[in-house]
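If you want the building blocks of each chain, they are given just below.
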Amino acid sequence: MDAAQLQAFRRGHWGIEAIHYVRDVTFGEDASTVRTGHAPQNLAALRNLVIGLCALDAARQNKSASYLPRFRSAANNHRQSVIDLITRPLLNGS
């Protein structure tokens, strides 16, 4: 592996860490005590769904960054915001 390949590998690793950071800091995934059966995979899938929906919604609204932390905080206090996010059409004008 030459220096350029090593640097590309290193950068790719930190891209994955950025996603993990969102899952851990925003959702507290590392602190979760759910460890049996299919529950860990199911919760990870739900977390990924929320992250994707928030990113999609931010893109629809031409925002440069996801508003996931603010959304999660609002969702704890107002469940309708979750329902609104999930029921929005995938494409503008649809």
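Described in the following lines is the structure provided in the data block. Quantities reported herein were computed from a predicted structural model and do not represent experimental measurements. (Residues numbered from 1 in each chain as written. Predicted model: local features only at pLDDT ≥ 70, side-chain atom pairs only at ≥ 80, totals over all residues. Heavy atoms only, no water.)

**Notes on the overall build of the protein**
A count of helices and strands for the protein gives four helices and zero strands. When its helices and strands are written in sequence order, the protein yields α-α-α-α. Computed over C-alpha atoms, the radius of gyration of the protein comes to 16 Å, more than 25% over the 12 Å expected from 2.2 N^0.38 for 94 residues, which places it beyond the range of a compact globule. Once the C-alpha set of the protein is aligned to its principal axes, its extents read approximately 50 × 40 × 20 Å. At a minimum sequence separation of 6, the contacts of the protein that also span at least 24 residues come to 38%. For the protein, the accessible area works out to roughly 7100 Å², and carbon and sulfur atoms hold 60% of it. (Helix = DSSP H or I, 4+ residues; strand = E, 2+ residues; numbered from the N terminus. Rg over C-alpha atoms; globule rule 2.2 N^0.38 Å. Contact = heavy atoms within 4.5 Å. Areas by Shrake-Rupley, 256 points an atom, 1.4 Å probe, with all protein chains shown as cover.)

**Some words on the environment of H20**
Counting through the fold element by element, H20 comes out in helix α1 (residues 3-27). Residues H20 and D30, spaced ten residues apart in sequence, show a C-alpha to C-alpha distance of 9.5 Å. Look past the residues within four positions of H20 in its chain and what remains in contact with it is E29 and D30.

**Some thoughts on the environment of R11**
Along the chain, the position of R11 falls in helix α1. Measuring from C-alpha to C-alpha, the distance between R11 and V50 comes to 25 Å, with 39 residues separating the pair along the chain.

**A few points about the nonpolar core**
Judged by nonpolar contacts, F27, I51, L53, C54, L68, F71, A75 and L85 together constitute the single largest core of eight residues. Residue assignment for this core shows that the elements contributing at least two residues are α2 (39-60) and α3 (68-77). Among all residues touching F71, those that are not within four sequence positions of it are V50, C54, S81, V82 and L85. (Core = buried A, V, L, I, M, F, W, Y, C linked by side-chain atoms within 4.5 Å. Buried < 20%, exposed > 50% of the residue type's maximum accessible area, 1.4 Å probe, protein only.)

**Quick word on the side chain of R47**
Within the secondary structure, R47 is located in helix α2. The exposure class assigned to R47 is buried, which follows from its relative accessible area of 13%.

**Digging into the pattern of salt bridges**
In the structure shown here, the tally under the stated rule is two salt bridges. We note a salt bridge from R47 to E29, for which the minimum N-O separation is 3.0 Å. With R47 in helix α2 and E29 in the loop between α1 and α2, the pair connects residues that are 18 residues apart, well separated along the chain. Both residues of the pair, R47 and E29, count as buried. Counted as one network, the salt bridges with shared partners bring together R23, E29 and R47. (Salt bridge = Lys/Arg side-chain N within 4 Å of Asp/Glu carboxyl O.)

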